[in-house]
Amino acid sequence: MNNFIAFHTIIRKEIHRFLRIWPQTLLPPAITTALYFLIFGKLIGDRIGSISGVTYMEYIVPGIILMSVISHSYANVVSSFYSTKFQRNIEELLVAPIPNWVILFGYVGGGIARGLLVGMVVTGISLFFADITVNNLAVTISVYFLTATLFALAGFINAVFADSFDDISIIPNFVLTPLSYLGGIFYSVTMLPEVWQKISLANPILYMINAFRYGLIGVSDVNINVAFMITGGFILFLTLLSLLLLHKGIGIKN
Amino acid sequence: MNALSIKNLKKTYSNGFTALRGIDLEVESGDFFALLGPNGAGKSTAIGIISSLVNKSSGSVSIFGYDLKKETAKAKSCIGLVPQEINFNQFETVKNIVLNQAGYYGMPKKTALMNTEKCLKQMTLWDKRDTVSRRLSGGMKRRVMIARALVHAPKLLILDEPTAGVDIEIRRSMWEMMEQVNKQGTTIILTTHYLEEAESLCRNIAIINDGIIVEKSGMSDLLARINKDLFVLDLSDPISNPPQVDGYDFELIDNKTLQVTVPKGKNLNLLFQKLSEKNINVLSLKNKTNRLEQLFMDLVNE
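Quick caveat, the model's predicted, so the values are computed rather than measured.

### Overview of the confidence of the model for chain B
Residue and element names in this part refer to chain B. On average, residues of chain B score 90 in pLDDT, and 97% of them are at 70 or above. Confidence, expressed as mean pLDDT per element, reaches its minimum in chain B at helix α10 (residues 291–301) with 70 and its maximum at helix α3 (residues 94–104) with 97. For this predicted complex, the interface confidence comes out at an ipTM of 0.87, alongside a pTM of 0.85.

Structure follows, in structure tokens:
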């Protein structure tokens, strides 16, 4: 019961935080993705035609939604947990009788909440541009949730190791954004030369985007089961790593 | 029962600096205990380990009989910490800071709200409950940290320089508050650089220097060891040389200010009588050093 109250306190605080600053957290992805849909989907997409039997606009919608989920679930945890370290109010949690897993799940839960909320905002905007009917609701929701979880965990680890505000922007700018763009948001990997197709398969985001695309419109370049295994494997690994870091107090204590 | 029991506690940081070289310390339940030492002596490291903010290298810590390593949650539940530096979210309201802390301790919302109100009223911050904390004065921020530390009704309250940088009026009101909390049964461990604060509030004392405890005793026992007092005398008329009186050491600060060292047991009446015989009239007298300060300097310089 005590742990549940502590978990509830952390997650309520986290959700309150990103809702309080909604012009920074919810509004920008709405504007950015509306521009993506307008420019890439509408203006350029009409000239591209169809991919895998669907219109270009329909093809890019799942990737753009999932890219928003990835970047915002990550950004929420990395910025919030790093600020907590920076302002030293992490000490409020460390002195309290809260198990490490409650701290982790509280922050990750906040990241998931923001990722999913931003995803819903972007999905709402996409409905103005494309007529999406869900192909497989279970796959869609589970990929949506698992991806938010994975990148919230990754954001947590980034925040643990970060020593400055620069450190929390390096991974999103130089790793996540390129991997998302190269993960087949705007194209099918089958359109690439064979060598680049093989290289692309090493990008885990490619699997998530394709699994989500399968859930929404029934089109994928990869095997869905492999996508779930990769995502689940990463979640397990990052969870264990986060708990180990908290247990050792790396980047937090001393 | 001991509120705190520390055995052979050692800490060496990753950069090789040894902050604690093996300290043993026991604080009885209900005590008002002073942990003193110069900067870098190891006080904050010791407090950091007790409150789980710093990992120890070796040794053991138990809080009200609960081993901090084996029964972490129970041990932590007994502690309230007021750290040296402001460490709450500066963008949160006063009420939310205290309320969230109650939540971290697993307190149900109804009780948390009641305790938050009680603690904020005790710290005279209830009127500021909806103010964003960064807009508070320095003294108010310190009181927020005390309210936050008290919200789960800890049995052991650790105050790490709680009055640093606050004006004398707030400091005195905080002393009253600390005494009141201690009288209600909460054990208090206080670190401070204001030695008069420790002298007037605490019953027992430990002095830490260079990572080891150099003194551990009752405050009154310690003060009884003082063997001299230093006084400053304001004179009515100027003098050119310090007077010579057996048993007293004089030093002329300026031609109307005289400093005198009085050994323990020597009578001040005799001093005034001797000065009067030399036509030296004293207008006023003040104790130059705090008694504990004098002992403290002797102990850490040994």
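The rest of the description comes next.
### Thoughts on the nonpolar core
Among the nonpolar cores identified, the biggest contains 147 residues, and Phe156 of chain A together with Ala147 and Ile158 of chain B are the most heavily contacted of them. Broken down by element, this core gets its largest block of residues, 17 residues, from helix α4 (residues 56–86) of chain A. Discounting residues that sit within four places of it in the chain, isoleucine 158 of chain B has contacts with Ile47, Ile50, Ser51, Ile79, Leu81, Val82 and Ile189 of chain B. Core analysis: the second largest hydrophobic core is formed by 5 residues, Leu258, Val260, Leu271 and Leu275 of chain B among them.

### Comments concerning the pairing of strand β13 (residues 257–263) of chain B
Residue and element names in this part refer to chain B. The pairing of strand β11 (residues 228–235) with β13 spans 7 bridges and is classified as antiparallel. When the sheet's bridge partners are listed, aspartate 229 is paired in β13 with valine 262. In this sheet, β13 lies alongside strand β12 (residues 249–254) in antiparallel orientation, the contact comprising 5 bridges. Its bridge partner lying in β13, phenylalanine 250 is registered against valine 260. Once β12 ends, the chain turns through 2 residues before running back antiparallel as β13.

### Here we look at the domain arrangement of chain B
All names here are of chain B. Here chain B is partitioned into domain 1 (2–224) and domain 2 (228–301). Computed from C-alpha atoms alone, the centre-to-centre distance between domain 1 and domain 2 is 39 Å. The partner domain 2 presents 8 residues to the 12 residues of domain 1 that form the contact. Mapped onto the side of domain 1 that touches domain 2, the elements with two or more residues apiece are α7 (195–201), β9 (204–209), β10 (212–218) and α8 (219–224). Top contributing element to the side of domain 1 that touches domain 2 by residue count: α7, with 4 residues.

### Quick look at helix α1 (residues 2–20) of chain A
Relative to the 27 Å expected for 19 residues at 1.5 Å per residue, α1 of chain A spans 27 Å between its end C-alpha atoms, a close match to the ideal helical length. Close packing links the buried residues of α1 of chain A with α2 (22–25), α4 and α6 (100–126) of chain A together with α3 of chain B.

### Thoughts on the interface of chain A and chain B
Contact with chain A, which involves 21 residues of that partner, is made by 26 residues of chain B. Considering each element in turn, the side of chain A that touches chain B owes the most residues, 6 residues, to α1 of chain A. For the side of chain A that touches chain B, the residue count by class is 9 nonpolar, 7 polar and 5 charged.

### Quick look at the sheet that holds strand β6 (residues 79–82) of chain B
Residue and element names in this part refer to chain B. Strand order across the open sheet formed by 6 strands is β6-β7-β8-β3-β9-β10, with mixed pairing between neighbours. Every other strand in the sheet has two partners, leaving β6 and β10 as the edge strands with one partner each. Between one strand axis and the next, the sheet turns through 15° on average, direction left out of account. Packed onto the sheet, helix α6 (residues 168–183) meets β3 (32–36), β7 (156–160) and β8 (187–191) and runs at close to 150° relative to β8.

### Quick word on the environment of phenylalanine 228 of chain A
Secondary-structure assignment places phenylalanine 228 of chain A in helix α11 (residues 224–248). Taking the C-alpha atoms as reference points, phenylalanine 228 of chain A and valine 143 of chain A, 85 residues apart in sequence, are found 7.7 Å from one another.

### Some remarks on the packing of helix α7 (residues 137–161) of chain A against α11 of chain A
Residues and elements named next belong to chain A. Where α7 meets α11, the closest approach of the two axes is 9 Å, and the angle between their N-to-C directions is 30°. The orientation of α7 relative to α11 falls into the category roughly parallel. The hand of the α7/α11 crossing is left-handed. Contacts from Val139, Leu146, Thr147, Thr149, Leu150, Leu153, Ala154, Phe156, Ile157 and Val160 in α7 reach Ile224, Thr231, Gly232, Phe234, Ile235, Leu238, Thr239, Leu241, Ser242 and Leu245 in α11. Of the residues that constitute the contact of α7 with α11, the class distribution is 14 nonpolar, 6 polar and no charged.

Cut-off values and rules
What you see as residue numbers is a count from 1 along each chain, following the sequence as written. Note on labels: chains are lettered from A, ligands numbered from 1, in written order. Restriction of local features to residues with pLDDT of at least 70 applies here, the model being predicted, together with a cutoff of 80 or more for giving and counting side-chain atom pairs; totals for whole chains, interfaces and linings are based on all residues. Along the chain, pLDDT gives the predictor's confidence residue by residue, from 0 to 100. In this text, helices come from DSSP runs of H or I with a minimum length of four residues, and strands from runs of E with a minimum of two, each type numbered from the N-terminal end. To define a nonpolar core, we join buried Ala, Val, Leu, Ile, Met, Phe, Trp, Tyr and Cys residues through C-beta atoms within 7 Å and take the resulting set. Counting other C-beta atoms within 10 Å of its own, a residue is labelled buried from 20 upward, exposed at 12 or fewer, and partly exposed in the gap between, with every C-beta atom placed from the backbone. Once C-beta atoms have been placed from the backbone, residue pairs whose C-beta atoms lie within 7 Å are recorded as contacts. Here, any two strands with at least 2 DSSP bridges between them count as paired. The source of the domain bounds is an automatic or database domain assignment. What a helix is expected to span follows from its residue count: subtract one and scale by 1.5 Å. We call Asp, Glu, Lys and Arg charged. Ala, Val, Leu, Ile, Met, Phe, Trp, Tyr, Cys and Pro are nonpolar, and the rest, Gly among them, are polar. All axes here are fitted lines through C-alpha atoms, helices being fitted over the stretch that makes contact, and every angle between N-to-C directions spans 0 to 180 degrees. Between 65 and 115 degrees an angle is taken as roughly perpendicular, under 35 as roughly parallel, over 145 as roughly antiparallel, and anywhere else as oblique. In a left-handed crossing the near helix is turned counterclockwise from the far helix by less than a right angle, and in a right-handed crossing that turn is clockwise.

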